[in-house]
Amino acid sequence: MAKASKSAAPHYSFFTSVERNFDKAAPFTNIKDKGILEQIKACNSIYSMKFPVKIGDKVDVIEAYRVQHSHHKLPVKGGIRFSMDVNQDEVMALAALMTYKCAIVNVPFGGAKGGIKIDPKKLSAYDLEKITRRYTAELVKKNFIGPGIDVPAPDYGTGPREMSWIVDTYMSLRPGEIDAAGCVTGKPVTQGGVRGRTEATGLGVYYGVREMCNDTEMMKRMKMTVGLSDKTVIVQGLGNVGYHAAKFFMEGGASVVALAEYEGAIYNPKGLDVDAVVTHRKKTGSILNFPGAKNLKKSAEALELECDILVPAALENVINGDNAPRVKARIVAEAANGPLTPEADAILTKKGSVVIPDMYINAGGVTVSYFEWLKNLSHVRYGRMEKRFSENMNQNILGSIENLTGKKVTAAERKIILHGPDEVDLVHSGLEDTMMGSYHEIRDEWMANKKINDMRSAAFVCAINKVGVSYMELGIFP
Ligand code: GLU
């Protein structure tokens, strides 16, 4: 995934930020027992490790983590990031966000996160493989991975390749485990992955924002027009999430006016062709000097340009107390995890902008991970049983209609009507339904209580209520 430049913000404990947001929402939940609230907030297990890996002819001591935030549902779930910024506080915060994220989109997992403090850009594929495999072996040793225990996934700096190394290492250490493929998600399709996982987070961002823009009442409150077609969008970070979000916004009729990466940003008020920008970057090594666009040397300036929808899709804390007063977007969709500090959040809310929180808007990834895990446990590709049946049914219905009316549809229409679902169709439709449904859960919570003054708090209320009920129904050991 892509790295965008970080502003010179003061140091924040990311985990404290998450706790502050939780505490703000807690009084509006149904959970009145302080002990339960404290238990929901706490990280259940923290595994901090150091292991040696030979890089070239010297030994490097690698620092890594796996944090399981909440065991209220098992397995726990969350990505693994490779970055020099990895530290325990960050992994704890990201693990906590996973708990709330899974609850919001009704994915029956607890939250977790892993991190390895390395710069993947500076290591060869050979060394990355050694580190990933050793990390997996450490997780196996401590029972911190498994389809019913803890299921990692891609995150910042990792992708299908790393997931493939993880599943292979796991399988070799647990021979004969029938559900072993479900020990990690985000795998290549050939290794048990599911079609539609790659674009899932970006597509989820698009579905969520589109649902809000189609919400007549919400748009009226925000004094905005309904629909996406007249909206301008700025995306920061052209990694997997940012790229797909930008592409789906463009295809959905919005205009992507600026794109930002760590080397700078480009701006064209008439709109940018996202794929052409990516091709240009591959060719020249930089997003800058894209034909027809204006260069912005300081990437972070793109966050402050005029637009309707701002999508920070890189790292945490990029919008903070310093630059938030200059952010003009009416809708900020947190495609990354934690891109706004609590100060930035307060400033934007005061200005009347709506921040669509990370724990909802970027939940498309874990939603489709859930579909992948289910596929692995059921050992069958989605659509395998029903595709032909649906096509035959559709053929029968269409045939009857044509007989009754004496009219025939065109060949192109026939193709669309007869089409039985492929795996990717089912995954996209499950994702769309999830993102639309969860938007309304959060929005209804927000509208029902006038004291809740931002969407993040409403999302927290939904999540805390669900996790809290789960703890209460689990019972607590006497
Ligand atoms: N790393 C992604 C996230 O932060 C995906 C996690 C998953 O699929 O388990 O949501």
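Just above sits the structure.
Residues numbered from 1 in each chain as written. Predicted model: local features only at pLDDT ≥ 70, side-chain atom pairs only at ≥ 80, totals over all residues. Heavy atoms only, no water.

Draft legend 1. Expanded view of the side chain of Lys375. Note on placement: Lys375 falls in helix H12 (residues 364–378). Excluding its chain neighbours within four sequence positions, the residues that come into contact with Lys375 are Gly193, Val194, Arg195, Val380, Arg381, Tyr382 and Glu423. (Helix = DSSP H or I, 4+ residues; strand = E, 2+ residues; numbered from the N terminus. Contact = heavy atoms within 4.5 Å.)

Draft legend 2. Expanded view of the site of the ligand. In the vicinity of the ligand, 14 residues are found, and the nearest of them are Lys77, Lys101, Pro154, Asp155 and Ser369. At 2.7 Å, a side-chain N or O of Lys101 approaches an oxygen atom of the ligand. Ser369 is positioned with one of its side-chain polar atoms (N or O) 2.5 Å from an oxygen atom of the ligand. Sorting the residues of the shell around the ligand by element identifies helix H3 (88–104) and H12 as the ones contributing at least two each. At 3 residues, the largest contribution of residues to the shell around the ligand is made by H12. A class-by-class count of the residues in the shell around the ligand yields 4 nonpolar, 5 polar and 5 charged. (Near = heavy atom within 4 Å. Polar contact = N/O pair within 3.5 Å; in protein donor to acceptor, adjacent residues only side chain to side chain. Nonpolar A, V, L, I, M, F, W, Y, C, P; charged D, E, K, R; others polar.)

Draft legend 3. The arrangement of the packing of helix H13 (residues 387–405) against helix H14 (residues 411–418) in detail. The contact between H13 and H14 brings their axes to 9 Å, and the two run at 135 degrees. If you check the angle between H13 and H14, you find them oblique. Where H13 abuts H14, its residues Glu391, Asn394, Gln395, Leu398 and Glu402 lie against Arg414, Ile417 and Leu418. (Axes fitted to C-alpha atoms, helices over the stretch in contact; angles between N-to-C directions. Parallel < 35°, antiparallel > 145°, perpendicular 65-115°, else oblique.)

Draft legend 4. Structural context of the sheet that holds strand S11 (residues 309–312). Taken in spatial order, the 7 strands of this open sheet run S10-S9-S8-S7-S11-S12-S13, and their pairing is mixed. Among the strands making up the open sheet, the edge pair consists of strand S10 (294–296) and strand S13 (354–356). Sheet twist, expressed as the mean angle between neighbouring strand axes with direction ignored, is 20 degrees. When S11 meets strand S12 (residues 331–333), the two strands line up parallel, connected through 2 bridges. The partner of Leu310 across the bridge, within S12, is Val332. Sheet strands touched by helix H6 (residues 200–213): S11, S12 and S13. Its angle to S12, the strand with the most contacts, is close to 155 degrees. (Pairing = 2+ DSSP bridges.)

Draft legend 5. Broad picture of the pairing of strand S7 (residues 232–236). In terms of residue burial, S7 counts as a mostly covered element, since 4 of its 5 residues are buried. In this sheet, strand S8 (residues 255–261) lies alongside S7 in parallel orientation, the contact comprising 5 bridges. When the sheet's bridge partners are listed, Gln236 is paired in S8 with Ala260. Following the chain from S7 across helix H8 (residues 240–251) to the adjacent parallel S8, one finds a crossover that is right-handed. In terms of strand pairing, S7 meets S11 through 4 bridges, oriented parallel. In the sheet register, Val233 faces S11, and the bridge partner there is Ile309. (Buried < 20%, exposed > 50% of the residue type's maximum accessible area, 1.4 Å probe, protein only. Right-handed = clockwise from strand over helix to strand, strands pointing away.)

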